[in-house]
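Take a look at the letters that make up each chain.
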Amino acid sequence: MGLFNKFKDIFKKSNIDDIKVYDQGLSKTRKTFFDRLNVLNSKYKKLTDEYFEELENILIMADIGVNTVMDFMDRLRDRVKKENITDTSMLNEIIIDELFIIYVDEGVISSKLNYNDNGPTVILFVGVNGVGKTTTIAKIAHQMISEGKKVLLIAGDTFRAGAVEQIIEWGNKIGAKVASGKIDADPSSVIYDGLKVALDEEYDCVLIDTAGRLQNKVNLMNELAKINKVIGNIIPDAPHETMLVIDATTGQNGISQAKSFKEATNVTGIVLTKLDGTAKGGIVLGIKEAVNIPVKYIGLGEKVDDLKPFDIEKYIYGLFKEMVE
Amino acid sequence: MFENLGERLQKAVKNIRGYGKITEENISDIMREVRMALLEADVNYQVVKEFTNTVKDKALGEEVQRSLSPSEVFVKILKDELIKLLGEDKIPLKTDGKLNIYMLVGLQGSGKTTTIGKLGNYLRKKYHKKPMFIACDVYRPAAIDQLKQIGKELNIFVYEEGKGNPVEIAKKGVEYAKENNYDLVLIDTAGRLHIDDELMSELSSINESIPLDETILVIDAMMGQDAINVIEGFNDKLKLTGTILTKLDSDTRGGVALSVRHLTNIPIKLIGVSEKLDGIDEFDPKRMVGRILGEGDIMSLIEKAESIIDEEEAKEAAKKLSRGDFNLEDFLGQLKQIKKLGPLENIIKLLPGASKLGLNNINIDPKQLARIEAIILSMTKKERTNPEIIKASRKIRIAKGSGTSVQEVNRLLTQYEQMKKMMKMMKSGNFKLPF
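About the cut-offs
Residues numbered from 1 in each chain as written. Chains lettered and ligands numbered in written order. Predicted model: local features only at pLDDT ≥ 70, side-chain atom pairs only at ≥ 80, totals over all residues. Helix = DSSP H or I, 4+ residues; strand = E, 2+ residues; numbered from the N terminus. Buried ≥ 20, exposed ≤ 12 C-beta atoms within 10 Å, placed from the backbone. Contact = placed C-beta atoms within 7 Å. Pairing = 2+ DSSP bridges. Axes fitted to C-alpha atoms, helices over the stretch in contact; angles between N-to-C directions. Nonpolar A, V, L, I, M, F, W, Y, C, P; charged D, E, K, R; others polar. pLDDT = per-residue confidence, 0-100. Expected span 1.5 Å × (residues − 1). Arc of directions from axis to C-beta. Parallel < 35°, antiparallel > 145°, perpendicular 65-115°, else oblique. Left-handed = near helix turned anticlockwise from the far one by under 90°.

### A word on the overall build of chain A
Tallying secondary structure elements over chain A gives 13 helices and eight strands in all. The buried share of chain A, taken over its 325 residues, is 49%. Taking contacts inside chain A between residues at least 6 apart in sequence as the whole, the part at least 24 apart equals 78%.

Next comes the structure, spelled out in structure tokens:
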């Protein structure tokens, strides 16, 4: 339970404004999740089978992977037995503690981006259709520009109707140049041309958009692997980051997405979008456990500044605030 | 789509085969399997609970008929209950009347705009409607461009006023449709969260000021447990008449399909099955359950083939087949027909027993077909009609011309020979199907 106390300390020390952002964005998320835990605690004072069943229900409703939940429940029952816990109120701390352990798993996790010291930093964005890749790119570019960086966007989605127009419109809004080709052009060639521009004109950061693709489409995943290779041929060690964008409403399929995209490219981080709804995005815990990809950013709205670096402590805090205090 | 769920359920059923009868003890193991299969498919937790209880009670209470084995009884119960979950009967879209107006709503990224295109295309083909789109997504950058590009591709008119007031645009669009004799209006709206009061009341205003025949929620089939909050959120404000599930061509287990009807009584009307503008199918609960349980869906396959394959060409090919003078030119024609059917893996999944043969999770690279096509296209007309004349030097030329290898050309020729032999056997009546 030492972790839990450490966890509380972190919040005392950390920037209150930062927590507030998480707090507001996740308030709807937390409400449903937390209300249910509270009801559970008042309903069951003693730890019965029904209590465990309902707890399992709550975690599954948060979309935390089914296997992750089942393992979690086993560990919880073990600890309850070993530590002789009989009261439900004492279990709250253990629940948070165990959730934390699932995500961290003794590793050191940072949401910092890996910047390239000699030349442009290239970030590739991948994901299934409709998760919010283009919007996320605009948000990250906006942050980089406000930090004084020279940012180029590459319109690598040459397939979907209106995709090129969408990123150009965003580029105009945030003041970033967009390198684009014709619709239906080979995305690798558009990206090749864009990266040449980035080198010639000495851009600091290059954010590459790609068409949404379902992870079970072999030809589209091969195309992505090719894009990845082309990028590395022009700028060695690039892409320096590959972001898998995942919609927070995604269920168990998120794990399959993470596995397949990691096979085609070197996914280094996840952007969890649309967390401002009622979905909890719990699948990121399942993904972390199964594929070991950390979340780097979360999306909390449609505006350019509705993007925050992910922080697991604050994320869990956001879900369990009332319980900790 | 549901293959993985089906596989898990079939595994559970297999375990029963060993038992002489279903008892309280042996069924609990099986129900645990069923429960995990459903939860991993994102079926709503509450639905899973009710479903497993019902199936268990029925399985224990069932008087086992002498002619049926316990596993057959269990499969029958599973099948009946799955059909009940999915809503039993197919509920079509409202297409009667002079003018039908539909509005499509949903979260961001669920696929509304693409679905509008597919729906217009589908209803024009099936009911000879004259469709028109209204662009009411004035928020997302380039959303109107996207709809206009789709409209252009399908040759369907898009009414738009740029970034005005969506309620006014919708009203004026409907007036325009009446004046210009359109009889189907599809309104595209911006993606929004069900808890965004401001944007939800905008939809209510459209709903109140226009007589809508259908208010359809577009749902991403990959959604998890939050789906029920979203569906109820939209239904509270708008009284939905149906849903369309998109992205069912992913490897999602599609549990949302099993939850939505049972929990809200809102029928699933159509499903999106590819990114192409003809990638939309009617949703039929009975057939869908057949697919989940690995019984295949021959009806859908036949309908699909009938809607696409050129009847005259097919008759001609059949005639040639029966005469036994089938050549590579005909083969090329058939390849083109097959390509029209859409991704091959979708077709294979409709075949009964596909999952038993391990074909349900097969991934076919469309490039493979393209290579075969390239090889045949690199042959001269004479070579295609008389493949026997293709010897070494011709093979080298064909391989070069098609960017393939001599081995690949050889493989194709061998396959052609085998096909021809099979056809001769069919003709002489000595042919038995391998299954």
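### Focus: the sheet that holds strand β8 (residues 280-282) of chain B
As a general point, the strands of a sheet are linked pairwise by backbone hydrogen bonds and lie either parallel or antiparallel. Residue and element names in this part refer to chain B. On the basis of which strands lie adjacent, the open sheet formed by eight strands has the order β3-β2-β4-β1-β5-β6-β7-β8 and mixed pairing. Two strands bound the open sheet, and with one partner strand each, they are β3 (157-159) and β8. Strand after strand, the sheet turns through a mean of 25° between neighbouring axes, direction not considered. Judged from the five bridges that link them, strand β1 (residues 100-105) and strand β4 (residues 184-189) form a sheet pairing that is parallel. Bridging from a neighbouring strand, I101 pairs with V185 of β4.

### Some details on the interface of chain A and chain B
Reports of interface size often rely on the accessible area that becomes lost once the parts have come together. Contacts between the two partners involve 35 residues from chain A, matched on the other side by 35 residues from chain B. Of all the secondary-structure elements, those providing two or more residues to the side of chain A that touches chain B are α4 (49-61), α8 (163-174), α10 (218-234) and α11 (253-264) of chain A. Top contributing element to the side of chain A that touches chain B by residue count: α8 of chain A, with four residues. Residues belonging to the side of chain A that touches chain B are distributed by class as follows: 11 nonpolar, 17 polar and seven charged.

### Comments concerning the confidence of the model for chain B
All names here are of chain B. Scored by pLDDT, chain B has a mean of 84; 82% of the residues are at 70 or more. Counted against residues more than four places away or in other chains, residues 431-435, with its pLDDT under 50, gives three contacts. Both scores are given for the predicted complex: the pTM is 0.79, the ipTM 0.84.

### Some words on unusual backbone geometry
A cis amide bond links A238 of chain A with the next residue in sequence, P239 of chain A, at an omega value of -5°. Residue D63 of chain A is not a glycine yet carries a positive backbone phi of 70°. With a phi close to 70°, D42 of chain B is a non-glycine residue in the positive phi region. Following the sequence through the fold, D42 of chain B ends up in the loop between α2 (24-40) and α3 (45-61).

### Topic: α10 of chain A
All names here are of chain A. Look at α10: 25 Å from first C-alpha to last across 17 residues, which is about the 24 Å you get at 1.5 Å a residue. Taken together, the buried positions of α10 are M221, L224, I227, N228 and I231. Along α10, the residues classed as buried sweep out an arc of 105° about the axis, all on the same side. Exposed and oriented more than 90 degrees from the buried face of α10 are A225, K229 and N233. The elements touched by buried residues of α10 are β1 (121-126), β2 (151-156), α9 (187-200), β4 (205-210) and α11.

### A few points about the packing of α9 of chain A against α10 of chain A
Residues and elements named next belong to chain A. Remark: α9 packs on α10, axes separated minimally by 9 Å, with the N-to-C direction vectors making an angle of 20°. With respect to α10, the element α9 is oriented roughly parallel. Of the two elements, α9 crosses α10, and the hand of that crossing is right-handed. In this structure, α9 contributes P187, S188, I191, Y192 and L195 to the contact, and α10 contributes E223, K226, I227, V230, I231 and I234. When grouped by side-chain class, the residues that make up the contact of α9 with α10 number eight nonpolar, one polar and two charged.

### Section: the sheet that holds β2 of chain A
Residue and element names in this part refer to chain A. Taken in spatial order, the eight strands of this open sheet run β3-β2-β4-β1-β5-β6-β7-β8, and their pairing is mixed. Because the sheet does not close on itself, it has two edges, and the strands there are β3 (177-179) and β8 (307-309). Within this sheet the neighbouring strands show an average axis-to-axis angle of 25°, counted without direction. In this sheet, strand β5 (residues 241-247) lies alongside β1 in parallel orientation, the contact comprising four bridges. When the sheet's bridge partners are listed, F125 is paired in β5 with M243. Packing against the sheet, α9 makes contact with β2, β3 and β4, and its axis sits at approximately 165° to β2. Packing against the sheet, α10 makes contact with β1, β2 and β4, and its axis sits at approximately 175° to β1.

### Description of α11 of chain A
Residue and element names in this part refer to chain A. With 12 residues, α11 should reach 16 Å at 1.5 Å per residue; the first-to-last C-alpha distance of 17 Å fits that figure. Burial within α11 is extensive, with nine of its 12 residues counted as buried. Residues of α11 that are buried include every one of N253, G254, I255, S256, Q257, A258, S260, F261 and A264, and no others. On the buried face of α11, the contacting elements are β1, α10, β5 and α12 (283-291).

### What about the packing of α3 of chain B against helix α4 (residues 70-86) of chain B?
For any two helices packed against each other, the geometry comes down to the angle between their axes and how far apart the axes lie. Residue and element names in this part refer to chain B. The interhelical angle for the contact between α3 and α4, taken along N-to-C directions, is 145°, at an axis separation of 10 Å. Judged by the sense of rotation from one axis to the other, the crossing of α3 with α4 is right-handed. Between α3, through V47, F51, T54, V55, K58 and A59, and α4, the contact on the second element is made entirely by V73, F74, I77, L78, E81 and L85. In terms of residue class, the contact of α3 with α4 is made up of nine nonpolar, one polar and two charged.

### Re the pairing of strand β6 (residues 242-246) of chain B
All names here are of chain B. Of all five residues in β6, four are buried; the element is thus mostly enclosed. With five bridges joining them, strand β5 (residues 214-220) and β6 adopt parallel strand pairing. In the strand pairing of β6, I216 is matched with G242. Here β6 runs beside strand β7 (residues 268-272); their pairing, made up of three bridges, is parallel.

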